[in-house]
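Structural overview for review
Below, each chain spelled out in residue letters.
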Amino acid sequence: MRTLVVYETKFGNTERIARLVAGELSEAGHEVSCLGQSASGEDDFIGVPLWVIGSPTHWGRAPFRFNTLLRNAAKDAGSDHDFVVFDTRYENMHSGAADRIHRDLARQGLRPLLPPQSFVVDGDGLRSGQEEKAAELGRLIASLL
Ligand SMILES: Cc1cc2nc3c(=O)[nH]c(=O)nc-3n(C[C@H](O)[C@H](O)[C@H](O)COP(=O)(O)O)c2cc1C
């Protein structure tokens, strides 16, 4: 299945998770584009059946420009898409960027394949075990397609 993996990142952790998920989907035979926010636009979402979205958590939500991109993409591309959202956040945060993005896209009628996913960052780096968890997420998504 054609899949867009699109991410925002400041320190590289969300990008690392996105690339691992994208790698597993490619490995499973799906046609994957993996793009950072600054290299992507609303047109990249149009006609792509599955969107995998990764965002860092900034003040409990996605960074403003990424949120705007996703909102406009959903408006332009319509609601006939499946999606999976993950975020990176500090430990023990009850809510992060993925929860809000997931809720917004579901409200707009897009179909979630999985509940919001999250990965833990300690300081500026991924906590140990998170890369393996990302690869598992990629394989899980592939198994649902
Ligand atoms: C401006 C700013 C605000 C942040 N706010 C939160 C927050 O509200 N909750 C949280 O769990 N982490 C917060 N963090 C930590 C980020 O979750 C962490 O930097 C991010 O997951 C790293 O992803 P990246 O390497 O892809 O940028 C914040 C980080 C920055 C820079």
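Not measured: the values here are computed from a predicted model. (Residues numbered from 1 in each chain as written. Predicted model: local features only at pLDDT ≥ 70, side-chain atom pairs only at ≥ 80, totals over all residues. Heavy atoms only, no water.)

**Some details on the overall build of the chain**
For the chain, the helix and strand inventory stands at four helices and seven strands. Its helices and strands taken in sequence order, the chain reads β-α-β-β-α-β-α-β-β-β-α from the N to the C terminus. Reported as C-alpha extents along the three principal axes, the dimensions of the chain are approximately 35 × 30 × 25 Å. Across the 145 residues in the chain, those meeting the buried criterion constitute 46%. Across the chain, contacts joining residues at least 24 apart in sequence account for 76% of those joining residues at least 6 apart. For the chain, the exposed area adds up to about 7200 Å²; of that, 47% sits on carbon and sulfur atoms. Taking the 16 positively charged and 20 negatively charged side chains of the chain as two groups, their mean positions are separated by 6 Å. (Helix = DSSP H or I, 4+ residues; strand = E, 2+ residues; numbered from the N terminus. Buried < 20%, exposed > 50% of the residue type's maximum accessible area, 1.4 Å probe, protein only. Contact = heavy atoms within 4.5 Å. Areas by Shrake-Rupley, 256 points an atom, 1.4 Å probe, with all protein chains shown as cover. Lys, Arg positive; Asp, Glu negative; His and termini not counted. Charge placed at Lys NZ, Arg CZ, Asp CG, Glu CD.)

**Here we look at the nonpolar core**
Ranked by internal contacts, the top residues of the largest apolar core, which has 20 residues, are Phe45, Trp51, Ile53 and Leu105. Elements that contribute at least two residues to this core include exactly β1 (2–7), β3 (50–56), α2 (64–77), β4 (82–89) and α3 (97–107). Ranked by residue count, the leading element in this core is α2, at six residues. One finds Val5, Leu114, Ala134 and Leu137 within the second-largest nonpolar core, a separate group that totals 19 residues. (Core = buried A, V, L, I, M, F, W, Y, C linked by side-chain atoms within 4.5 Å.)

**Brief notes about the site of the ligand**
As a matter of local geometry, the ligand sits amid 16 residues, with Thr9, Lys10, Asn13, Thr14 and Thr88 nearest to it. At 2.5 Å, a side-chain N or O of Thr9 approaches an oxygen atom of the ligand. When the free accessible area of the ligand is taken as 630 Å², the share hidden by the protein chains comes to 86%. Those elements that provide at least two residues to the shell around the ligand are α1 (13–27) and β4. Looking at the shell around the ligand residue by residue, the classes come out as six nonpolar, eight polar and two charged. (Near = heavy atom within 4 Å. Polar contact = N/O pair within 3.5 Å; in protein donor to acceptor, adjacent residues only side chain to side chain. Nonpolar A, V, L, I, M, F, W, Y, C, P; charged D, E, K, R; others polar.)

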